[in-house]
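One-letter residues, chain by chain:
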Amino acid sequence: MLSTIAAISTAVSSAGIGIIRISGPDAMNVIDRIYRSKGGKKRIKEMQSHTIHYGYIYDEETLIDEVLVMIMKAPKTFTGEDTVEIDCHGGIYTCKKVLETVLKHGARTASPGEFTKRAFLNGRLDLSQAEAVMDVIQAKNDYALKSSMEQLKGSVKKSIVEIRRKILYHIAYIESALDDPEHICLDGYPDELMEVVKQVQTDIDKLISSADDGKIIQEGIKTVILGKPNAGKSSLLNVLVGSEKAIVTDIAGTTRDILEEYINLNGLTLKLIDTAGIRDTEDAVEKIGVDRAIHIAREADLILYVADSSRALDEDDYNILEILKGKKAIILYNKTDLEPVLPRIELARISDHPVIPVSAKEETGLKDLEESIRNMFFEGELSFNDEVYITNMRHKEALMEARESLNQVINSIDRMMPEDFFSIDLMNAYESLGRIIGESVGEDLVNEIFSKFCTGK
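Notes on the structure in this doc start here. (Residues numbered from 1 in each chain as written. Predicted model: local features only at pLDDT ≥ 70, side-chain atom pairs only at ≥ 80, totals over all residues. Heavy atoms only, no water.)

Topic: the pattern of salt bridges
And step 1. Inspection of the entire model under this criterion finds 21 salt bridges.
And step 2. Among the salt bridges present, the one from Asp59 reaches Lys104, with a minimum N-O distance of 3.1 Å. Here Asp59, found in strand E4 (residues 51-59), pairs with Lys104, found in helix H2 (residues 92-104); they are 45 residues apart in sequence, far enough to count as distant.
And step 3. The class for Lys104 is exposed, based on a relative accessible area of 53%.
And step 4. For Arg394, the salt bridge identified is with Glu131, shortest N-O distance 2.9 Å. With a gap of 263 residues between them, Arg394 in helix H13 (residues 393-414) and Glu131 in helix H4 (residues 127-138) connect regions that are remote in the sequence. In this pair, the class of Arg394 matches that of Glu131, namely buried.
And step 5. Connected through salt bridges with shared partners, the residues Glu81, Arg108, Glu114 and Arg118 form a single ionic network. (Salt bridge = Lys/Arg side-chain N within 4 Å of Asp/Glu carboxyl O. Helix = DSSP H or I, 4+ residues; strand = E, 2+ residues; numbered from the N terminus. Buried < 20%, exposed > 50% of the residue type's maximum accessible area, 1.4 Å probe, protein only.)

Spelled out as C-alpha cells, the structure:
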C-alpha cells in the first residue's frame, strides 16, 4: 500500500500564503488528527469533496496556525489519490511548523517530483504531460509557457498516440496473416505498407523538425555579442537588459570575460552573452578573453556583430566577418549618432547578413533588431493552435530512433525480405514512440525524470 506523502508546495519565503500538500490513502485521517473547525472538532473526511474549510491546525493542544483546508477525494485529483491542501500563513517558520505537524501525525516527506510521479503512475498524466508540469514552472517567456501548457493538455500525447495507432494496426495485420495465411493474403501488401511507413515518417519528421524551434522556445536564443574593442558591445547589452550590467569606458579592452544576461524580447527569451573585443593583442589576460569569445561564438544560436560606423573596417573586422560565415547573424551598424566613416552599403556588400542601423547611446534601431530576430528564427508569429513543438531532448531522441526503425522497414521491403522482418522493426518504432508517453519505459528512467522536479510538485 502506498504511503501518504506531504510537502510544502510553494516557495519557502515570507510570502503571504504557504501551501502544504498531502496526498495518499491516509490523507483524510492525517488532516482529521490536526484540524479543528472554528466551532470545534469537525471530521474532514465526512465532508464533501472539493470543498474548502476554515479553521485551525493543532499539534495535540498547541495551536499552530489559522488555515483554510481544501479537500479533494480520489479519483478526481491531480495525483488520483485523496488530496488535502492546507493554506497557512506564508512565513518560513509557520510553513515548516505546519508541515512538521502533518508529518508527526501520519504522513512522510515527499521526494522531489513525487506528487507528479503519482499522477503519472495513477494514469492522470502520461509521461510527456508530467514533464510539461516542470516546463510550465520553468517557463522563461510567453511562448515557452504556451508550448508547455499545450503539452500539459496533451498535444504531444495526441500526436504520438495517433502515429502509434497506425503502426500497431500493421503490426497486428502482419501477425494475423502469418498466423492464418489461408484467410489473410499478403500479396501486394509490401507496397501498401511502404506508403503507410513513408506517411508515418513524414509525421515523425515534422515533429523532429520542430525540435530546434522547441529548444529555442524553452531555453532561449543563445545570443553572442561580437565586435572590436569600443564598438559599443557592452553599451548595447546594457540597453537591451535595461540596467548597467557591463562596465562601459573609453578604454579599449575593458571587457575581458564572458558576461551573461537573460532578456525577454516581446515573448522571446535571449540569453545575451557579452564578450571581449576581438583584436590581436599581446595582453595575456585579454587574449584569453578573445579566445573565449571566438569559441562561444561558434556555439551560438545567433551572433550580433556590433560594427562601429565611425571607424573604417580593419583586419579585426574581417576576422569577425569570417566567424559569421555559416551562422545566423545580424550586423548592427552602431553609433549612427556620429558622423559615419564606414559606409553601411559596404557592410551589406561584403556580408550575407542583414545590416541594421542602431545607436546604443540613443537607443534607436532596437525595434528593427527585434523584428529581424523574430523573422530569422520563426518567420513571424508562432502559432500553438495546430502546431506541436518538441521541446524535450528525450522526446527528440525517441522520435529519431523510431524513424531509423522505419527506415529498416523500408530497406526490408526494398530487399523483398519476409514479412516478419517488417513486424520486428515496426514494433521497435512503436516502442520507441511509447517511451515518450511512458508506455514503454523502465522504472529507472521514470525515477530519473521525476528526481529533477522540485519537492512539493
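A word on the nonpolar core
Looking at soluble globular proteins, one finds that nonpolar side chains tend to be buried together.
And step 1. Counting 33 residues, the largest nonpolar core has Ile167, Leu193, Leu399 and Leu426 as its most contacted members.
And step 2. Ranked by residues supplied to this core, first place goes to helix H7 (residues 189-219) with 9 residues.
And step 3. Among all residues touching Leu426, those that are not within four sequence positions of it are Ile167, His170, Ile171, Ile174, Leu193, Val197, Leu406 and Val409. (Core = buried A, V, L, I, M, F, W, Y, C linked by side-chain atoms within 4.5 Å. Contact = heavy atoms within 4.5 Å.)

Description of the environment of Thr4
And step 1. Relative to the helices and strands, Thr4 resides in the segment before strand E1 (5-8).
And step 2. With relative accessibility at 5%, the residue Thr4 sits in the buried group.
And step 3. For the pair formed by Thr4 and Gly188, sequence separation is 184 residues and the distance between their alpha carbons is 57 Å.
And step 4. Residues contacting Thr4, with those up to four places away along its chain left out, are Ile22, Ser23, Gly24, Pro25, Asp26, Ala27, Gly106, Ala107 and Arg108.
And step 5. Looking at Thr4, its side chain comes within polar contact range of the main-chain nitrogen of Asp26, at 2.9 Å. (Polar contact = N/O pair within 3.5 Å; in protein donor to acceptor, adjacent residues only side chain to side chain.)

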